Amino acid sequence: MGDRVREGQAGNNPVVEASERDLLAASAMSAAWAQPAAPDTGATFAAGKLQMLPQHSSWLRRGSMWLAGQQINARSALAAIELELDRGVAFLLLPVFLAFGALVYFALPAEPDLAPFVAAFVLLAILAFFTRRQRLVHYALASFAACMLGMVVAKFETGRMGTKMLGGEISTALTGRVVAIDHLDKGRMRLTLDVLATARPVLRYAPQRVRLTARKVPEDILAGSAVTGYVRLMPPSGPVRPGSYDFSFESYFDGIGASGFFMKGPELAATTRPQSASDRAFAWVENVREKIAQRIRDRIGGAEGEIAAALVVGVRGGIPEDVNEALRRTGLYHIISISGLHMAMVAGTVMLLMRLAFAAFPSFSSRWPVKKYAAGVALVSTGGYLFISGAEVAAQRSFIMLAVMLTAVLFDRAALTMRNLAISAIVVILISPHEVVGPSFQMSFAATAALVGAYAWWSDRREAQAPPVGQRSLPSKIWRWLVTVAVGLAATSVIAGLATSVFGAWHFQRVSPLSLFANLAVMPFVSVLVMPFAVMAGIFMPFGLDGVFLDTMGVGLKAMISVAIWFSARSPVDAVGLVSPYAVLSLTAALVIASTATTWLRAAALPCAALGLLTVVETETPDVLVSEDGRLVGVPIGDDKLVINRARPNQFTIDNWQRALVSATVVGPADMPASGTAGAGNSPDPTHRQAAGDANVSDAASFVCGNGLCTVQEPVGARIAHAANAAAARRACESADLIVVDDATARDVCPNVTPIVLTKRELARLGSAAIFITPATASGGRKVEIRHAVAEPYRPWHVQREFSREARGLPPYKRADKRTKPLPAAQPDK
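Note that this is a predicted model, so its numbers are computed, not measured.

Q: Run through the overall build of the chain, naming residues and quoting values.
A: Across its full length, the chain carries 27 helices and 17 strands. Evaluated residue by residue, the chain yields a buried proportion of 43% over its 830 residues. Considering only contacts in the chain between residues 6 or more positions apart, those separated by 24 or more positions represent 66%. Total accessible area computed for the chain in this model is approximately 43000 Å², and 62% of it derives from carbon and sulfur atoms.

Below you can see the structure in the form of structure tokens.
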């Protein structure tokens, strides 16, 4: 009974104490539900019937007792659900259903119409309105309506974006207006441009915005400047393997229609096209961000300066890749992503300074609500910080939570922490529903929900304990405070790490084994030397008095980088391989239940978590991976080795394949030396050598290449070949089980035999491929299954694929030689 009474006293939120009336009401309800047998007439009837059963019917008696227990459990569960609804759990689950609806829309195989979604949402909303008296039915219909609303807003955003995407690679002279300037590693620059004009050739379907890299740019270039140059444009790439992150999807919703690099230029140009008022405003903000970032880089310098610029204005492009990798391997990358820690430090520092300033005027402070004034100034300050920092998802979520809390202070209301998180999630989903697909949204909200739920549980336990008796000494208080801080930091790292690990493993196929220890070692530097002095530097920067604060910040960041590199060097392999989507769903359900439930229903998170852990690795691993351009093939051969057919592959693709296949070592191709001796055994063609038995490709444990053809034998015995063109592919028709042809014009490669042929045209249309090979059996040969990253009909972010030359079966574009005069047209005979 006592446990149920304390359970009823939990209230809507552990942070804000419930009123006495709410406590009495919840206690009364819990006490009533603690005795379910009294009002349960069905259970009483069943128990009475037990006395009438004959002695030899013990099995019937046990069955009746089980049925009576089931009735009691069902009523207890319904009572717990009613209590959860009374505590407002329905509102907390609203963003969950909205996000689920958006995820379902983005996962559909084909683009749907908007009208059926709107009709379904309106119908469900009306039914939910008219079933308010039937509570459970009402909430069930409202949940489906929320899912449909998530699909509606996702479909609306997709249609609203309508980004023009480049279909294929092309070189052209481009004139554009600078939107953003990013400093990259090794002195390179990246410009985001609004396209104004193209020439040589003029693009008939030019993208509206492109992102280009350059080795150097004019010194006086600013956001809003017009530049021109000769560029190489490329369409947004798709997933590097089926199931991985889709960069075309990201580019579509970022409004980026192409990427590439400057082959000549850029140079400043004159243009007569005026800027709109909003464009001028955004350009002014971007220039302010760039000036602040450059001031920080000049003062601190090195990798520390780049990280400091990332913390203050959100530009991370210039951080060296080795430092980025060290932060990722140690689980410290969240520190340079502007989120709750940074927003809270800004708001807290501003409020503290305002309260100290008001305290200097006692008569004014006694007559006016200075706390509200400080909260208002802090709200404006955090809004400005959000604007200057680039407004990423984690920063948006943190700002919305702080805005709700500070607004509550202005109106003398208590801020409900979990409710704030739900409000921020709803706002983000309604504004940018595509964010629910990305790791930033998922990991940010998962970590915050887990921390708030854990703090709620801890607060319940602390309230249930008896208060300490007697007065502690000063050393005892200091020791207790230090222990509390240490335990709090450790618990925060563990809880946030566990909550986000499943999403990190799903998106990046990696975890951080030493994350807890690295975070514990770094947090003192970040909390004492980095963030407070970053806030002070931002306050005093307009007056030119930020030098000492930036110097102190640089010392803290240097220590943080040293700790990250030290732990990274000692971190074991962090690749975890492919993760089952069912495990992600199960663990996500466990997280939602554990962080929102306040009754014994929270225990339902345990079976969901167990199911997720048991199925986390229950997924197929491909036997062959092929890149979407058809140039790179990877085959895992065991012993943590991945063999590839290119000596200098795309490093990003290889890193992703290594983590997905858990391959620590990459083995490049072995060239077949030419020989002057005749005979099949000395032929430079690897298929001839295999036929002659002179060199078995499986013994070589690598691709054997020669004359445009590379072959390897994978562990189940299938022979994989990669050919540069159709002519080279035909030499492998007799011996290979799978042939990948880097030629979009290849047709009927092996007409008389039946190996599986995958051409560049298919890859251009359907994206990268994961190939699964079933070993040969006595009843049949090997079965080869090809799964592509993109499906037809195309979704809006993939439509551009059908317009590339490769997808149309055409050879690469070659500019005609102007020096060669065309032959005169033939004249008809007279």
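Q: For the nonpolar core, give the residues involved together with the corresponding values.
A: Grouped together as the largest cluster of nonpolar side chains are 40 residues, with contacts concentrated most on Ile-307, Leu-327, Met-553, Leu-557 and Met-560. Broken down by secondary-structure element, the contributors of at least two residues to this core are helix H9 (277-300), helix H10 (302-313), helix H11 (321-329), helix H19 (515-540) and helix H20 (547-569). Sort the elements by how many residues they give to this core and H20 lands first, with nine residues. Apart from the residues lying within four places of it in its own chain, the contact partners of Leu-557 are Glu-304, Ile-307, Ala-308, Leu-311 and Val-530. Judged by nonpolar contacts, the second largest core, of 34 residues, contains Ala-102, Phe-253, Leu-421 and Ala-425.

Q: Quick rundown of the confidence of the model for the chain? Include the residues and the values.
A: Mean pLDDT over the chain: 82, with 84% of residues reaching 70 or higher. In the model, residues 820-830 has pLDDT below 50 throughout and makes zero contacts with residues more than four positions away in sequence or in other chains.

Q: I'd love a proper account of the side chain of His-798, names of residues and values included.
A: Within the element layout of this structure, His-798 appears in the segment after strand S17 (783-788). Accessibility expressed as a relative area gives 6% for His-798, which makes it buried. Excluding residues that lie within four positions of it along the chain, His-798 makes contacts with Asp-246, Ser-248 and Val-790.

Q: With reference to specific residues and values, describe the environment of Leu-149.
A: Considering the arrangement of structural elements, one finds Leu-149 in helix H7 (residues 135-161). Residue Leu-149 is classed as partly exposed on the basis of its relative accessible area of 25%. Along the backbone, Leu-149 and Ala-125 are 24 residues apart, and their C-alpha atoms lie at a distance of 9.7 Å. Here Leu-149 is in contact with Leu-98 and Phe-121, once residues within four sequence places are set aside.

Q: I'd like a rundown of the sheet that holds strand S1 (residues 170-183), residues and numbers included.
A: Within the closed barrel, the five strands sit side by side as S1-S2-S3-S5-S4. Their pairing is mixed. The mean inter-strand angle of the sheet, taken between neighbouring strand axes irrespective of direction, is 50°. Both strand S3 (residues 209-214) and strand S5 (residues 258-268) contribute to a ladder of four bridges, which runs parallel. Of the residues in S5, the one forming a bridge with Val-210 is Ala-258.

Q: Would you mind going over the environment of Met-151 in detail, with residue names and values included?
A: Among the secondary structure elements, Met-151 is positioned in helix H7. In this structure, the C-alpha to C-alpha distance between Met-151 and Ala-102, residues 49 residues apart in sequence, is 4.8 Å. Once residues within four sequence positions are removed from consideration, Met-151 is found in contact with Gly-101, Ala-102, Val-104, Tyr-105, Leu-108 and Phe-117.

Q: Can you tell me about the sheet that holds strand S7 (residues 633-638), naming the residues and giving the values?
A: Judged by pairing direction, the sheet is mixed, and its six strands sit side by side in the order S9-S8-S7-S6-S16-S17 without closing on themselves. Only two strands of the sheet have a single partner each, and these edge strands are strand S9 (665-667) and S17. Strand-to-strand, the axes of this sheet are offset by a mean angle of 25°, without reference to chain direction. Relative to S17, strand S16 (residues 769-774) runs antiparallel, the two sharing six bridges. Of the residues in S17, the one forming a bridge with Ala-770 is Arg-787. Against the sheet, helix H23 (residues 651-661) makes contact with strand S6 (624-626), S7, strand S8 (641-644) and S9, and its axis sits at roughly 140° relative to S8, the strand it touches most.

Q: Run through the packing of aromatic side chains, naming residues and quoting values.
A: Counted under the stated rule, the structure contains 21 aromatic pairs. Aromatic pair Phe-106 and Phe-249: ring centres 5.2 Å apart, planes at 90°, arrangement edge-to-face. With Phe-106 in helix H5 (residues 89-107) and Phe-249 in helix H8 (residues 247-254), this residue pair connects regions lying 143 residues apart in the sequence. Aromatic pair Phe-358 and Phe-364: ring centres 5.9 Å apart, planes at 20°, arrangement stacked. By way of ring pairs, the aromatic residues Tyr-105, Phe-106, Phe-249, Tyr-252, Phe-253 and Trp-797 are connected into one cluster. Here the basic side chain of Arg-328 rests over the ring of Tyr-333, its NZ or CZ set 5.2 Å away from the ring centre.

Rules behind the numbers
Residues numbered from 1 in each chain as written. Predicted model: local features only at pLDDT ≥ 70, side-chain atom pairs only at ≥ 80, totals over all residues. Heavy atoms only, no water. Helix = DSSP H or I, 4+ residues; strand = E, 2+ residues; numbered from the N terminus. Buried < 20%, exposed > 50% of the residue type's maximum accessible area, 1.4 Å probe, protein only. Contact = heavy atoms within 4.5 Å. Areas by Shrake-Rupley, 256 points an atom, 1.4 Å probe, with all protein chains shown as cover. Core = buried A, V, L, I, M, F, W, Y, C linked by side-chain atoms within 4.5 Å. pLDDT = per-residue confidence, 0-100. Pairing = 2+ DSSP bridges. Axes fitted to C-alpha atoms, helices over the stretch in contact; angles between N-to-C directions. Phe/Tyr/Trp six-rings, centres within 6.5 Å; stacked < 30°, edge-to-face > 60°. Lys NZ or Arg CZ within 6 Å of the ring centre and 35° of its normal.

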